[in-house]
Amino acid sequence: MAVTSAEAGSARLFWRRASRVATGVLSVVVTLLGLLAFTFALSRLSPVDPVLQIVGDHASTSTYEQARRDLGLDQPVLMQFWHYLEHLAHGDMGISRITNQPVMSDLLRTFPATVELATCAIIFGAVFGITLALLAAWKPGSVLDNLARLISLLGYSVPIFWLGLLGLLLFYAVLHWSAGPGRLDDLYVYTLEPKTGFVLIDSWLSGDPEMFRNALAHLWLPVVVLGLLAMAGITRLLRAALLEESNKEYVTLARAKGASRGRILLRHIFPNVLGTLITVLALSYASLLEGAVLTETVFSWPGVGRYLTTALFASDTPAILGGTLLIGTCFIILNALADALTYLTDPRTR
């Protein structure tokens, strides 16, 4: 039976898409392996001796050597990395030398705190960033446009740890508008039943309105501090995309037909930069997940960022590798999701 041209075209399209998926999966695997290998190599260059951290400075030579063999540090670096990959393939990320707990359980315990903080921050940054960018593109060169550029400049220029410390000084120590560092007051920390790991959801499910208000009081300041960083990037990049799109011929034609500036901006220009906005939001969210280290440290937020900071100072290689793998995977997933959404919303990318 002869194969029609339509069937041949469908077969070619199928194999093209399958090849693209296979290439994407291979790229993800190679990227993660490269990230792990680079982090593993850097951990071996650390001046901190993990064996001494375990046995102490006054341990005998035999005790030191035995601990070194137990950790596998007497083997070549490549062999150590290979053993780590073998254990990782079975879902074993190793044991943290700080908590003496499996790294997997530590990450499952700390990651919800980071996700909660980053999600609230990206919502804050997206709402105000998109609004500022639209106002700036609506009247270029106006006071609103200058305000948007000023906020973007400050968001990139001001160190986030300094902004966090200043926020604690003003809103916690002076005005008492914030509940301070941590996720909850000590009164509620030991009474809250952790069901989801997200303190807002758990406090809401507890049925105690005071606990929920306390969680909000702890959350809003780090969200605003971290959200300002996201808002700066969203405002700057979206404003540039909107102004660039405003110079296209179809915009000139719409103006010649008498369409208002606001209608052109919302009905014609904004849909055409939606792909750019999706990419910016995905990259900003990924940056918040991996870049919340300083914010979590300043606000004593028990997330992955603070966990990684402690692991780095202690040269806790399993914890460092586990956290790096988690953040890297999130970054890759968000990039892939942004590409898929851009493909679905922007016909020009198909």
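Scoring rules and cut-offs
Residues numbered from 1 in each chain as written. Predicted model: local features only at pLDDT ≥ 70, side-chain atom pairs only at ≥ 80, totals over all residues. Heavy atoms only, no water. Helix = DSSP H or I, 4+ residues; strand = E, 2+ residues; numbered from the N terminus. Buried < 20%, exposed > 50% of the residue type's maximum accessible area, 1.4 Å probe, protein only. Contact = heavy atoms within 4.5 Å. Areas by Shrake-Rupley, 256 points an atom, 1.4 Å probe, with all protein chains shown as cover. Lys, Arg positive; Asp, Glu negative; His and termini not counted. Charge placed at Lys NZ, Arg CZ, Asp CG, Glu CD. Domains from an automatic or database assignment. Buried area = accessible area lost by both parts, 1.4 Å probe. Salt bridge = Lys/Arg side-chain N within 4 Å of Asp/Glu carboxyl O. Polar contact = N/O pair within 3.5 Å; in protein donor to acceptor, adjacent residues only side chain to side chain. Nonpolar A, V, L, I, M, F, W, Y, C, P; charged D, E, K, R; others polar. Patch = residues over 30% accessible without salt bridge, like charges linked within 9 Å, V, L, I, M, F, W, Y side chains within 5 Å. UniProt positions renumbered as here; feature names shortened; annotations may be inferred. Axes fitted to C-alpha atoms, helices over the stretch in contact; angles between N-to-C directions. Parallel < 35°, antiparallel > 145°, perpendicular 65-115°, else oblique. Left-handed = near helix turned anticlockwise from the far one by under 90°.

Asks: Would you mind showing me how to read the overall build of the protein here?
Replies: Counting its secondary structure elements, the protein contains 16 helices and zero strands. Considering only C-alpha atoms, the protein reaches an extent of 85 × 80 × 40 Å along its principal axes. The proportion of buried residues among the 350 residues of the protein is 38%. Pairs at least 24 apart in sequence give 72% of the contacts found in the protein among residues at least 6 apart. As displayed, the protein has an accessible area near 19900 Å², and 68% of this comes from carbon and sulfur atoms. A distance of 16 Å separates the average location of the 25 positive side-chain charges in the protein from that of its 25 negative side-chain charges.

Asks: Whenever I open this one, the domain arrangement of the protein confuses me. Can you help?
Replies: It is common to give the size of an interface as the accessible area lost on bringing the parts into contact. Assigned domains within the protein: domain 1 (2-96) and domain 2 (102-345). The C-alpha-based centres of domain 1 and domain 2 are spaced at 29 Å. Broken down residue by residue, the surface that domain 1 buries against domain 2 is led by L32, M93 and S96, which jointly contribute 32%. Inspection of the domain 1/domain 2 interface yields zero salt bridges. Here domain 1 is connected to domain 2 by two residue pairs in polar contact (both at pLDDT 80 or more). Where the side of domain 1 that touches domain 2 is concerned, the elements lending two or more residues are α1 (5-44), α2 (50-55) and α4 (77-89). Among the elements that take part in the side of domain 1 that touches domain 2, α1 stands out by supplying 10 residues, more than any other. Along the lines of polarity and charge, the residues of the side of domain 1 that touches domain 2 split into 11 nonpolar, eight polar and two charged.

Asks: Looking at this structure, how should I read a nonpolar patch on the surface?
Replies: Judged by side-chain polarity, F161, W162, L165, L166, L169, L170, V174, L175, W177 and L294 come together as a nonpolar surface patch covering roughly 970 Å² of accessible area. The residue W177 is located in the loop between α7 (160-174) and α8 (186-189) in this model.

Asks: What exactly am I supposed to notice about the UniProt feature "transmembrane region" (unreviewed entry) in the protein here?
Replies: With numbering aligned to this structure, UniProt lists the feature "transmembrane region" (unreviewed entry) at residues 21-42, 113-138, 150-175, 219-238, 269-288 and 319-344. End-to-end, the C-alpha atoms of residues 150-175 are 26 Å apart, and along that stretch the chain is 88% helix and 0% strand.

Asks: Looking at this structure, how should I read the pattern of salt bridges?
Replies: Two side chains of opposite charge can pair, provided their charged atoms sit close to one another. Throughout the structure, instances matching the rule amount to five salt bridges. A salt bridge links E245 to K248; the shortest N-O distance between them is 3.3 Å. Judged by relative accessible area, K248 falls into the partly exposed class, the value being 34%.

Asks: Help me understand unusual backbone geometry in this model?
Replies: A negative phi holds for most residues other than glycine; trans holds for most peptide bonds. Despite not being glycine, N100 has its phi angle at roughly 60°, a positive value. For N100, a relative accessible area of 57% translates into the label exposed. Positive phi is not limited to glycine here, since H176 has a value of about 60°. Tracing the sequence through the fold places H176 in the loop between α7 and α8.

Asks: So what exactly am I meant to see when it comes to the environment of G94 here?
Replies: Along the polypeptide, G94 turns up in the loop between α4 and α5 (103-138). Along the primary structure G94 and Y84 are separated by 10 residues, whereas in three dimensions their C-alpha atoms are 8.0 Å apart.

Asks: Can you help me understand the environment of Q80 in this one?
Replies: Tracing the backbone through its elements, the reader meets Q80 in helix α4. Of the residues examined, Q80 reaches a relative accessible area of 9% and is grouped as buried. Between the alpha carbons of Q80 and V143 there is a distance of 59 Å; along the sequence they are 63 residues apart. Excluding residues that lie within four positions of it along the chain, Q80 makes contacts with F40, R44, G72, L73 and Q75.

Asks: Even after reading the chapter, I still don't get the environment of G328, so can you show me in this structure?
Replies: By the element assignment, G328 lies in helix α16 (residues 317-345). For G328, a relative accessible area of 11% puts it in the buried group. Along the primary structure G328 and L289 are separated by 39 residues, whereas in three dimensions their C-alpha atoms are 9.9 Å apart. Among all residues touching G328, those that are not within four sequence positions of it are L32 and L35.

Asks: Help me out: how do you make sense of the packing of α5 against helix α6 (residues 143-157) in this one?
Replies: The axes of two packed helices give the description: the angle between them and the distance between them. Where α5 contacts α6, the two axes come as close as 7 Å, and the packing angle between them is 140°. Here α5 is positioned oblique relative to α6, judged by the angle of their axes. Here α5 and α6 pass one another in a crossing that is left-handed. Listed contacts from α6 to L132, L135 and A136 of α5 are L144, D145, A148 and I151.

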